[in-house]
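Here's the letter readout for the chains.
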Amino acid sequence: MNLKNMQKNTQNKDTFFKYIVTLKWPQVARNRSVETLQERPDIVQEMNHFREKLERVCKLILKKEYKIEDKFHISGMKIQFESGQDLYEFIVRQPEFEWEILPKISTVNSLTGEYKTFDLVYQPTGFNII
Amino acid sequence: MKKYTHITLVGNVSIDYDYKGCDKLGDIVVSGDISMPLNAKFSITNSEPELQRMINNINLKNSTILTPLTLYKKYLFFNNVDYLPSFPDLQKLHIDIDRCSTQLLSLLCSIWCEYDKVFLFGYNIEDLNERELLIRTAANNPHVQIYYCRKPNANKIKLFDHLSNVSVMDFNEFKKYAEEHTE
């Protein structure tokens, strides 16, 4: 699987990525084990295309640093954001790019270093964090 | 520079004081919104309208704004807003983090961050409840040296005499201390 070496090369080493979300894989690739993926190159190719699209969109719409995790997760791709406004933009523009994040936002507290996950609840007027 | 050991706490009473010496001596924590340029490391609030003002306050641009978790969830997308840690003293003091004064939260936060010396400026002790909470907090944390700083005044304050870790210091004494302890 060639899912590596596709993230922005200009990341500053001191960047503090405060926000983390997981973007779900495309429908065909969801809940696939590593074993299954080894037998299905077509799905892997789909995942690679998905990641390429994600990389392009992030470069286009995000203003500050971001990082797409290389490690494979069955639930999707973990994306770390430096800016909360970028994350907000990413969430509200999901329908435009036809993808879906897991309805959870994790943040790292800059004072305590605590990693905490909050639920994202969509509502007709927007969304709430609970 | 005594960063990480000395912290100046700007309380809820507005005072006419130049905090330059405090900035050189260590970190600064502000209780609520401020109207003067101050290089505050933290600013603390538990009021939503105040938080909105603080987010837009240019004087707090480089400060981390700390709020209770309930408020944080509403302003999560603002980079410089974060939530307060859970203070071990809360149960002992019987206070509600969403309703108590911001100066008390600043004090608890300074203690949580393990600063050795906390200098209180503009800390409201005229309110009897606030005074009592300050005394109890100091008594619960004897390892933290607290200095109540005030304008030079011939009348002595004897409120803290029974506490070995609380001293009263006037602005001139503080200035001298800051000069001696600043490289």
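Keep in mind that what you see is a predicted model, and the values were worked out from it rather than measured.

J.: Explanation requested: the interface of chain A and chain B in the structure shown.
T.: Size of an interface, as often reported, equals the accessible area lost when the parts are brought together. On the side of chain B, 10 residues touch chain A, which itself brings 15 residues to the contact. Where the side of chain A that touches chain B is concerned, the elements lending two or more residues are helix 3 (84-92) and strand 4 (104-108) of chain A. Per-element accounting of the side of chain A that touches chain B gives the leading share, four residues, to helix 3 of chain A. The residue makeup of the side of chain A that touches chain B, split by class, is seven nonpolar, seven polar and one charged.

J.: In this structure, what is going on with the sheet that holds strand 6 (residues 126-129) of chain A? I would like to understand it.
T.: Backbone hydrogen bonds hold the strands of a sheet together, and the pairing may be parallel or antiparallel. Residues and elements named next belong to chain A. Ordered by their spatial adjacency, six strands build an open sheet running 2-3-1-4-5-6, and the pairing between neighbours is antiparallel. The sheet is open, and its two borders are formed by strand 2 (66-68) and strand 6, each paired with just one other strand. The average angle at which neighbouring strand axes cross in this sheet is 25 degrees, direction not considered. Pairing between strand 4 and strand 5 (residues 115-123): five bridges, direction antiparallel. When the sheet's bridge partners are listed, V108 is paired in strand 5 with Y115. Each of strand 1 (19-23), strand 2, strand 3 (77-81) and strand 6 touches helix 3; the most contacted strand, strand 1, lies at about 20 degrees to it.

J.: What's the story with the confidence of the model for chain B in this structure? I'm lost.
T.: Detailed reading of the predicted model is not advised wherever pLDDT is low. Residues at a pLDDT of 70 or more form 98% of chain B, whose mean pLDDT is 93. Among the scores for the predicted complex, ipTM is 0.88 and pTM is 0.90.

J.: Looking at this structure, I do not really get the confidence of the model for chain A. What am I missing?
T.: For chain A, per-residue confidence averages 88 on the pLDDT scale, and 90% of positions sit at 70 or higher. Note on residues 1-10 of chain A: pLDDT is under 50 here. Beyond four places in sequence and across chains, it has 16 contacts.

J.: Explain the nonpolar core here, please?
T.: Generally speaking, nonpolar side chains in soluble globular proteins are found buried as a group. Residue and element names in this part refer to chain B. Membership of the largest hydrophobic core comes to 63 residues, with the highest contact counts inside it found for L9, V29, C109, V118, F119 and L120. Sort the elements by how many residues they give to this core and helix 5 (residues 102-112) lands first, with six residues. Aside from chain neighbours lying at most four places away, what touches C109 is V29, F42, I44, L66 and L84.

Criteria and cut-off values
Residues numbered from 1 in each chain as written. Chains lettered and ligands numbered in written order. Predicted model: local features only at pLDDT ≥ 70, side-chain atom pairs only at ≥ 80, totals over all residues. Contact = placed C-beta atoms within 7 Å. Helix = DSSP H or I, 4+ residues; strand = E, 2+ residues; numbered from the N terminus. Nonpolar A, V, L, I, M, F, W, Y, C, P; charged D, E, K, R; others polar. Pairing = 2+ DSSP bridges. Axes fitted to C-alpha atoms, helices over the stretch in contact; angles between N-to-C directions. pLDDT = per-residue confidence, 0-100. Core = buried A, V, L, I, M, F, W, Y, C linked by C-beta atoms within 7 Å. Buried ≥ 20, exposed ≤ 12 C-beta atoms within 10 Å, placed from the backbone.

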